[in-house]
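Structural overview
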Amino acid sequence: MNDLFTWAALGSLTGASAATLLATNVIGGLIGPNGDKARKWIALGIALALSYLTAAFATDAGAEKWIIAFFNGLVVFSAALGVNQLPPRNRQATSSRVAQGREPRILRSWV
């Protein structure tokens, strides 16, 4: 494996979702705990940017590619966010506890 991310991978649902999740978590980590609520908006912005960037390189599509890019961005955002966690009542309660009774920051949900 020579490259972790390639342009072709970023144009796929899997690659765009992974890049969105990675970039959102890195930016959110740099902002700190005060930026937890902003992570959703950061993820949406990154997902839409990747989708529109992919649409810009699509030469064989017509003007409708921009509308489709919007919905593709929502799909990428949903995949990166983890739609199965929404709404909160669908989340399964975990019974495992950390030694001090606090959850490590890396495992805390930012939804």
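This section reports on the structure supplied with the text. Residue numbering note: each chain is counted from 1, following its sequence as written. Reporting in this predicted model follows two pLDDT cut-offs: at least 70 for local features of residues, and 80 or more for side-chain atom pairs to be given and counted; totals over whole chains, interfaces and linings ignore these cut-offs and use all residues. Excluded from the side-chain calculations are hydrogens and water; all other atoms, namely the structure's heavy atoms, are used.

1. Some points on the packing of aromatic side chains
To be explicit about the condition: The rule is short: rings of Phe, Tyr and Trp, with Trp giving its six-membered ring, pair when the centres are within 6.5 Å, and they are stacked under 30 degrees, edge-to-face over 60, tilted in between. Working definition: with a 1.4 Å probe on protein chains only, accessible area under 20% of the residue-type maximum means buried, over 50% means exposed, and in between means partly exposed.
Tallied over the entire structure, the rule returns two aromatic pairs. With 5.3 Å between their ring centres and 75° between their planes, Phe70 and Phe71 make a pair best called edge-to-face. Overall, the relative accessible area of 34% leaves Phe70 in the partly exposed class. Phe71 sits in the partly exposed class, given a relative accessible area of 48%.

2. Quick word on the side chain of Thr24
What counts here: Think of it this way: any DSSP run of H or I at least four residues long counts as a helix, any run of E at least two long counts as a strand, and we number them from the N terminus. Pairs of N or O atoms are called polar contacts if they sit within 3.5 Å, as long as, within protein, a hydrogen donor faces a hydrogen acceptor (for residues adjacent in sequence, only side-chain-to-side-chain pairs).
For Thr24, the position within the fold is in helix α2 (residues 13-31). Looking at Thr24, the relative accessible area reads 0%, which means it is buried. Within the local environment of Thr24, its side chain forms a polar contact with the backbone oxygen of Thr20, the two atoms lying 2.7 Å apart.

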